[in-house]
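Structural description and commentary
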Amino acid sequence: MTHPVDRGWAWVVLVASLGCNYLTGFLPYSVGVIHVALLDKFQEDVTSTAWAGAIYSSLQMLGGNPVEKPIDWPV
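Now for a description of the structure that goes with this document.

The next thing to look at is the packing of helix H2 (residues 31-42) against helix H3 (residues 46-62). Remark: H2 packs on H3, axes separated minimally by 9 Å, with the N-to-C direction vectors making an angle of 135°. The angle between the axes of H2 and H3 places the two elements in the oblique class. Along this stretch, H2 crosses H3, giving a crossing that reads as right-handed. Every residue of H3 that contacts H2 at Val31, His35, Leu38 and Leu39 is listed here: Val46, Thr49, Ala50, Ala52 and Gly53. Of the residues contributing to the contact of H2 with H3, the split by class is six nonpolar, three polar and no charged.

Cut-offs used in this document
- Residues numbered from 1 in each chain as written.
- Predicted model: local features only at pLDDT ≥ 70, side-chain atom pairs only at ≥ 80, totals over all residues.
- Heavy atoms only, no water.
- Axes fitted to C-alpha atoms, helices over the stretch in contact; angles between N-to-C directions.
- Helix = DSSP H or I, 4+ residues; strand = E, 2+ residues; numbered from the N terminus.
- Parallel < 35°, antiparallel > 145°, perpendicular 65-115°, else oblique.
- Left-handed = near helix turned anticlockwise from the far one by under 90°.
- Contact = heavy atoms within 4.5 Å.
- Nonpolar A, V, L, I, M, F, W, Y, C, P; charged D, E, K, R; others polar.

What follows is the structure, encoded as C-alpha cells:
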C-alpha cells in the first residue's frame, strides 16, 4: 500500500501561505479603513493615529533587506 507524498501537510502549508499572503499583500491596502476605525476607538487626532499605518508600512519595507540577504547567498 502506498502512502500519499504529502501525508496531509499540504493543507497546512496552503493555509500558512494564504495567511502570509493576506498579511503582507492585502493588509497594507486596508490601512485607510483601519485608520478610521482607530480614530473612532481611541478618539485621538489624525496625526497621532496615522502613526499606526506608517509604522506598519515602514517595518514591512525595512524588513526586506534582512530577509533578502540569506536568499541571495551563492550556492
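Having seen the model, we can carry on.
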